[in-house]
Structure formats: structure tokens, C-alpha cells
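Observations on the three-dimensional arrangement
The chain contents come next:
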Amino acid sequence: MKKNKYKVNISISSSAGIKKTNEDSSWVGFNTANQCLAIVCDGIGSEKNSEIASSTIVKTFKKYFEKTKCIYFPKYWFRKVLNIAYEELNNYASKLNINKDIGTTLVLTLLSGGVAYIFNIGDSRAYFYNIEFHSWNQETVDHNLYTFFLTHNAPQSSYIKHKDNLLSLTNYISSNSTKRMNYSTKIVKFKVNDVFFLASDGLYNYIDINKINEVISTSRNKGFDTICPTLIKYALENQSNDNLTGIILEISNLN
């Protein structure tokens, strides 16, 4: 088993914001092969007990990542664990007699051998900062009505008719077995000093993505782990009305 020889600077933070309950869940960790996995799940806020959905999915991926010495086929592994996580959620909801559908979004990034495998379901996002071009790019596709209309070349009348629901999710992980789970995949090659940013919509909707560069630069003396708490602070000052979760991964060494 060949061990991945790179180091990653990490900042992770989550806040309930102005809400009483934090329905987000997140985690970052490494396995024996030094592959790095980062995951953010945002429980569907309109549904009671959605924090159960987000935490169940994160815990399941964490469990199967840590017990796998090396992931050789990331796409296959993700699909396999996603199905297990869905079953875990469905069984947990049944044990608690939760008859109402509960769900969560997901964005997951696996760093392995100079390549990032990015998966998402719903509207939690992953961004990538390419140090060579000094630019940020959204690597995930939002699964909402607006994107659906856009990809299907819907007429303007559709946007107007559904203007109040354009951000409604068209896909998420659900405890309802009648709903099919689709997901998007992106593969990105990375280099030293490149940065990945994973976030729930309560965070990315309320900050300028380029603000991250400034925060990373000014936060280094305080400690890299202060970056996401600082971003959350800015988002709250910009009137974020949701839970906020962010993960920053900076490649600091790659041999």
C-alpha cells in the first residue's frame, strides 16, 4: 500500500447561527494511507429532526473511511458507503418512529495522490482555489429548481412562474425510500498551496468567495484553524439566518 505523501492545513467550524439547533454536521480526517476526507452535511431546515439525518450520514462515512486502509476506487467506494449511510438513516428513523421524511444535503471531498474526488447531493458546495491562476471555482452543481431549468433550457416563463421556489432542492439524501438518490461527481488535480473550501449555504451565501484569500492571509499568525470561525463571523455580520459550516483544506506539501 503506497502512502500519500502530502500535508494538509485544516480549518473546520460550525455554528447554529441565529437558530436554536445546529442541523449541520461535518468532519475531516485521514486514514492509514494518509488519504484525507472532508464532509459537510446540511440537514433540511424545514424538516424536524433533520440534524439526525446530517449526523447519521457524516458518522457513517467517517466510520467506513477510518476502517478502510486505502481507497483504491473512490467512485465505487462513495456509492457503496452512500447506500449504507442511506440504510443507516432509514433504520434509525424507523427506530425513532419518525414517520415524516427527514433529509440532508452532502458535499464530500477525498484527497488522494494529488487528485481530489468531489461528490455532492443538494446545494452544499465545494470550491477550489488554483494557486497558479489565482482564481476560485465552484466545483459542485447545485441540485435545485434553478439549475434544473438552466440545464433543460426552460423558457423564461418557467423562471417567472416558480420565482419564489427557484432555490428549492430537487435532490437530497432522504429517509423516504421512495426517493432516488442522485449525485454529482468532479475530479480535480491539485498542487502545493491549492485550497479547497466546503460549506453549507448558510455560510457561502453570505460571504464573498474572494474574501477567503484575505482571511487566510491575515489569520496565519493567529493559527490556520481560526480561518473558518472568522468566515462564519463575517457571514453572521452579513445577516446569515441559517446554520453555518465550513471546512478549509490547504495543500502545504506534496512529494
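Residues numbered from 1 in each chain as written. Predicted model: local features only at pLDDT ≥ 70, side-chain atom pairs only at ≥ 80, totals over all residues. Heavy atoms only, no water.

A closer look at the sheet that holds strand E6 (residues 115-121)
Operational definition: DSSP bridges decide pairing: two strands pair if at least two such bridges lie between them. Put simply, DSSP marks the helices as runs of H or I at least four residues long and the strands as runs of E at least two long, and each gets a number from the N terminus on. Every axis in this analysis is a line fitted to C-alpha atoms, fitted for helices over the stretch in contact. Angles between the N-to-C directions lie between 0 and 180 degrees. Working rule for contacts: check all heavy atoms of both residues, and any pair within 4.5 Å makes them a contact.
In spatial order, the strands read E2-E3-E5-E6-E10; together these 5 strands make up an open sheet with antiparallel pairing. Looking at the sheet topology across the chains shown, the edges are occupied by strand E2 (24-30) and strand E10 (184-189). Adjacent strand axes in the sheet meet at a mean angle of 10°, parallel and antiparallel pairs treated alike. Sheet topology note: the E6/E10 ladder contains 6 bridges and is antiparallel. Looking at E10, one finds that Val 115 is bridged to Lys 189. Strands E2, strand E3 (36-42) and strand E5 (106-112) of the sheet are contacted by helix H1 (residues 50-66), whose axis makes an angle of about 10° with E2. Against the sheet, helix H2 (residues 74-95) contacts E3, E5, E6 and E10, and its axis sits at roughly 30° relative to E6.

Considerations on the environment of Gly 223
The test is simple: A 1.4 Å probe rolled over the protein chains alone gives each residue an accessible area, and that area as a share of the maximum for its type sets the label: buried under 20%, exposed over 50%, partly exposed in between.
Its place among the elements puts Gly 223 in the loop between helix H6 (211-219) and helix H7 (227-237). For Gly 223, a relative accessible area of 18% gives the class buried. Linking Gly 223 and Ser 11, residues 212 residues apart in sequence, is a C-alpha distance of 9.2 Å.

Remarks on unusual backbone geometry
Phi angles above zero are rare outside glycine, and His 134 is one such case at about 50°. Here His 134 is to be found in the loop between strand E7 (125-130) and strand E8 (135-138). If you check the backbone angles, Asn 153 has positive phi at about 50° while not being a glycine. On the basis of relative accessibility, which here comes to 69%, the residue Asn 153 falls in the exposed class.

As for H2
What counts here: Here, expected helix span is obtained from the residue count minus one, scaled by 1.5 Å.
For H2, with 22 residues, the first-to-last C-alpha span of 31 Å sits near the 32 Å given by 1.5 Å per residue. Where H2 is concerned, the buried positions are Pro 74, Trp 77, Phe 78, Val 81, Leu 82, Ala 85, Tyr 86, Leu 89, Asn 90 and Ala 93. In this structure, the buried side of H2 is in contact with E3, H1, E5, E6 and strand E9 (173-174). Trailing H2 by a residue or two, Asn 97 shows a phi angle of about 55°, which is positive.

What to know about the pairing of E8
Relative to E8, E7 is paired through 4 bridges, and the arrangement is antiparallel. What sits directly across from Phe 128, in E8, is Asn 137. Linking E7 to E8, which pair antiparallel, is a turn of 4 residues; within it His 134 sits at a positive phi near 50°.

So, the nonpolar core
Stated formally: Put simply, a nonpolar core is a bunch of buried Ala, Val, Leu, Ile, Met, Phe, Trp, Tyr and Cys residues held in one set by side-chain atoms that sit within 4.5 Å of each other.
If you look at the biggest cluster of nonpolar residues, it comprises 30 residues, and the most contacted ones within it are Ile 39, Phe 61 and Leu 106. Within the residue set of this core, elements represented by two or more residues are E3, H1, H2, E5 and E6. By residue number, the principal contributor to this core is H2, which donates 8 residues. What Leu 106 contacts, discounting residues up to four positions off in sequence, is Ile 39, Val 40, Cys 41, Ile 57, Phe 61, Phe 78, Phe 119, Asn 120, Ile 121, Ser 124 and Ile 173. Core analysis: the next-biggest nonpolar cluster, separate from the first, contains 21 residues, Ile 212, Ile 227, Leu 231 and Leu 244 among them.

Side note on the packing of aromatic side chains
Geometry of an aromatic ring pair is reported as the spacing of the ring centres plus the angle between the planes. Test applied: Only Phe, Tyr and Trp rings take part, Trp by its six-membered ring, and two of them pair if their centres are within 6.5 Å. Stacked means planes under 30 degrees apart, edge-to-face means over 60, and tilted covers everything else.
Summed over the entire model, instances satisfying the criterion amount to 12 aromatic pairs. Where Phe 61 meets Phe 78, the ring centres are 5.5 Å apart and the plane angle is 25°; that geometry is what we call stacked. Residue Phe 61 is located in helix H1, and its partner Phe 78 is located in helix H2; the two are separated by 17 residues in the primary sequence. The exposure class of Phe 61 is buried, given its relative accessible area of 0%. Classification of Phe 78 by relative accessible area gives buried; the value is 0%.

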